[in-house]
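The primary structure of each chain is shown beneath.
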Amino acid sequence: MKNVPFTKLLASTAILGATLFSTNALAIGTEAGTAIQNTATVSFTRNGSSDSEQASVSFKVDEIINVNVTAANASTNITNGDQNAAITYTVTNTGNGPEAFKLFESIGATNDLPLTAGDLTVYYIDTASSDGTFDPNNINETLYTGTDINILRDESITVYIVTDVPNAATLNSLTDLDLTVVSQTEANGIKAGESAFGTVIPGAGADSTNAIIAVDQGRDDATSELKVTTFDPSQSLEVLINKTILGSSALINGTATVTDQKIPGAMVTYFIKVTVQNDTATALAISDIIPANMTYIAESLRVQSAAGSTINTPTYKAPVLPAQTPATYSNFTALTDTNSDADNAETVPNTGTVTSINVALGDLAPGEYAILLDATVNN
């Protein structure tokens, strides 16, 4: 037998240990659960005859829990208003046995776009079946719903964190997105996802072997950014307003004869429509000044909201004269003139001769919004 110096044995052991706990992207050694048997033989001569005896020992290879997460790119270029913008990650089981993992997506420290957690969706696919580009029409890209994903040793999945870029995102704004992948192995109250590097979980490995944590807390993560490198002005918020007269009605010289001419005493119906495009308009309010020589008709404010849709110009309906009762229009809701109530409509001033009206509609998604009001031509 060749004698090996003890110092060399220590060095070899150290190298083996370093290999065992390496965090590189390659699976670690022999598959967990593999049975290894070793038999020693002693040969001798007994009473002039050759003889031998044997002794055997066996064990199963324990499982190493390890995972590697990488982002395909440090930064992904986007344009404001992009739909289904995606950051690509690769998740590799670098342990020596099959492992169940959970995925956790989150927004990093920089969030200029900005995004919320609800804006993020996660999909995954076997890396062998992926071209590295997210395709919303690819039926093999599975929507992640929080269940465990089983990955065989030395196998990987491609993960996409997907979002729609806000239309109002400005040039060079960016948001960091983080993917964390956590082992779900646990036994006897010991969880890989909560355990320090080197922790042994008895009986939790493949084929009831022990499992040893080779990455702190049984997890790894990677961060990448979405960055607006092209700005499309046509995608930014735009608010349009249009005001028309639907029609007018008047009694001629106090008689029952009605005319549509705008003579003194005529009741004129105004239609004001606001169109919100591309992004949410915050704190939107419609105001209108009552013209000189006209008088606002009390309680004539009506409103219609069509988020994500359109509002057609309604067909004029004559009011009730001489009572000056405003007509009822389908899809329009009557508002009060009381400034302190919840409908957010008000007249200025709230008593006496009204000089203007204001309807506070709040934060409005893209769509169309309209009000009606009536005023008479002064006699």
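Residues numbered from 1 in each chain as written. Predicted model: local features only at pLDDT ≥ 70, side-chain atom pairs only at ≥ 80, totals over all residues. Heavy atoms only, no water.

Here we look at the pattern of salt bridges
- As enumerated under the stated definition, the model contains seven salt bridges in all.
- As a salt-bridge pair, R153 and E31 come within 3.9 Å of each other at their nearest N and O atoms. Taken together, the residues span a long stretch of sequence, with R153 in the loop between β10 (149-151) and β11 (156-163) and E31 in the loop between α1 (6-20) and β1 (35-46) at a distance of 122 residues.
- In this structure, D374 engages R302 in a salt bridge whose closest nitrogen and oxygen atoms are separated by 2.5 Å. Highlighted residues: D374 in strand β27 (residues 367-377) and R302 in strand β23 (residues 302-307), separated in sequence by 72 residues. (Salt bridge = Lys/Arg side-chain N within 4 Å of Asp/Glu carboxyl O. Helix = DSSP H or I, 4+ residues; strand = E, 2+ residues; numbered from the N terminus.)

Observations regarding the environment of A74
- By secondary structure assignment, the location of A74 is in the loop between β4 (67-71) and β5 (75-79).
- Once the C-alpha coordinates of A74 and S224 are considered, the two residues, 150 residues apart in sequence, prove to be 5.0 Å apart.
- Other than its neighbours up to four places away in sequence, A74 contacts S224 and E225. (Contact = heavy atoms within 4.5 Å.)

Quick look at the pairing of β27
- β27 sits mainly inside the fold: eleven of its eleven residues count as buried.
- As judged from the ten bridges shared by strand β20 (residues 267-277) and β27, these two strands associate in the antiparallel manner. Across the sheet, residue V274 finds its bridge partner in β27, namely Y369.
- Pairing analysis gives three bridges linking strand β22 (residues 294-296) to β27, with the strands arranged antiparallel. Following the sheet pairing, M294 is matched in β27 by V377.
- Relative to β27, β23 runs antiparallel, the two sharing six bridges. Looking at the pairing, R302 lines up with L372 of β27. (Buried < 20%, exposed > 50% of the residue type's maximum accessible area, 1.4 Å probe, protein only. Pairing = 2+ DSSP bridges.)

Side note on unusual backbone geometry
- The step from L321 to P322 runs through a cis peptide bond, and the omega angle for that step is 5°.
- If you trace the backbone, P322 turns up in the loop between β23 and β24 (333-334).
- Going from V348 to P349, the amide bond is cis rather than trans, its omega being -10°.
- Mapped onto the elements, P349 comes out in the loop between β25 (345-348) and β26 (356-364).
- With a phi close to 75°, N172 is a non-glycine residue in the positive phi region.
- Here N172 shows up in the loop between β11 and β12 (174-183).
- Looking at N172, the relative accessible area reads 47%, which means it is partly exposed.
- A positive phi angle, close to 70°, is found at N293, a residue other than glycine.

What about the environment of E105?
- The topology assignment puts E105 in strand β7 (residues 99-111).
- Accessibility expressed as a relative area gives 30% for E105, which makes it partly exposed.
- With 74 residues separating them in the primary sequence, E105 and L179 have C-alpha atoms 4.7 Å apart.
- Sequence-distant contacts of E105, defined by excluding residues within four places in its chain, comprise L120, V122, I161 and D178.

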